[in-house]
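Examination of the molecular architecture
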Amino acid sequence: MAGVPQVDFALDTYECIVLYPGAAGRALPAETIQRLQAEHAEHMQALQRRGIILVAGSVDGPARNPEPPIGFGLARTGSVDDVRSVMEADPAVQAGLYRVDVMTFLCPAGSLDFPLAKTES
């Protein structure tokens, strides 16, 4: 992995999911947007129940980017490509209401806890 910091402590690796407004979202009727938002929420809840997504939620507030992110999440599957694939299957992403980017997130080992995340038994 490129850009891994050289530090003298262990790192945990996650997949960072960032949702942005999609280009098609501006042209969609309000009823379609509401339906897609509900389908998106169902998709994300299903991914969390399956243990793929650890945490996800909306982002709100000022940002410098002209199209600031509207959602953020973390997964821990070991594969950015796998997470990108399940996120691209999101009905709201497929319809263009949202667009998604997935990248690697590194932090000091043990610094994050996800009490609501499904654990493998």
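Residue numbering note: each chain is counted from 1, following its sequence as written. Owing to the predicted nature of the model, reporting of local features is limited to residues with pLDDT of at least 70; listing and counting of side-chain atom pairs is limited to 80 or more, with chain, interface and lining totals taken over all residues. With hydrogens and water excluded, all non-hydrogen atoms of the structure serve as input to the side-chain values.

Here we come to the overall build of the protein. Counting its secondary structure elements, the protein contains three helices and four strands. A run of DSSP states H or I qualifies as a helix once it reaches four residues; a run of E qualifies as a strand once it reaches two. Both are numbered from the N-terminal end. Secondary structure of the protein in N-to-C order comes out as β-α-β-β-α-α-β. On the principal axes, the C-alpha backbone points of the protein span a range of 50 × 40 × 25 Å. Here the protein holds 121 residues, and 31% of them are scored as buried. For the protein, restricting intrachain contacts to residue pairs at least 6 apart in sequence, the fraction spanning at least 24 positions comes to 76%. In this scheme, a residue with accessible area under 20% of its type's maximum is buried, one over 50% is exposed, and one in between is partly exposed, where area comes from a 1.4 Å probe on protein chains only. Throughout, a residue-residue contact means that at least one pair of heavy atoms, one from each residue, lies within 4.5 Å.

Nonpolar side chains tend to gather and get buried jointly when the protein is soluble and globular. By nonpolar core is meant a set of buried Ala, Val, Leu, Ile, Met, Phe, Trp, Tyr and Cys residues that side-chain atoms within 4.5 Å join together. Counting 18 residues, the largest nonpolar core has Ile17, Leu47, Ile53, Met87 and Val100 as the members making the most contacts within it. Looking at this core, the elements that each hand over two or more residues are β1 (11-21), α1 (30-49), α2 (80-88), α3 (91-94) and β4 (98-108). In terms of residue count, the dominant contributor to this core is α1 (four residues). Contact partners of Ile17, with chain neighbours within four places excluded, come to Ile53, Gly71, Phe72, Gly73, Ala75, Val83, Met87, Val100, Asp101 and Val102. Formed by nine residues, the second largest nonpolar core is a distinct cluster that contains Cys16, Val18, Tyr20 and Ala117.

Within α2 the residues assigned to the buried category are Val83, Val86 and Met87. Burial along α2 is one-sided: seen end-on, the buried residues are contained in an arc of 100°. Along its buried surface, α2 packs onto β1, α1, β2 (53-58), β3 (71-75), α3 and β4. Picture the helix axis, draw a direction to every C-beta atom, and the arc is the one those directions span.

Attention now moves to the pattern of salt bridges. By definition here, a salt bridge exists when the distance from a side-chain nitrogen of Lys or Arg to a carboxyl oxygen of Asp or Glu is within 4 Å. In this structure the tally under the stated criterion is three salt bridges. Between Asp12 and Arg76 there is a salt bridge; the shortest N-O distance is 3.2 Å. Of this pair, Asp12 sits in strand β1 while Arg76 sits in the loop between β3 and α2, and the two are 64 residues apart along the sequence. What makes Arg76 partly exposed here is its relative accessible area of 42%. A salt bridge links Asp81 to Arg84; its shortest N-O distance comes to 3.1 Å. Of this pair, Asp81 and Arg84 are both found in helix α2, three residues apart, which corresponds to roughly one turn of the helix.

What follows is about the pairing of β1. Across the eleven residues that make up β1, a large majority, eight, are buried. In short, DSSP must find at least two bridges between two strands for them to pair. Here β1 pairs with β4 via eleven bridges, running antiparallel. What sits directly across from Tyr14, in β4, is Phe105. As paired elements, β1 and β3 share five bridges and run antiparallel to each other. Bridge pairing in β3 links Cys16 to Leu74.

Any functional reading would require information that these geometric values do not contain.
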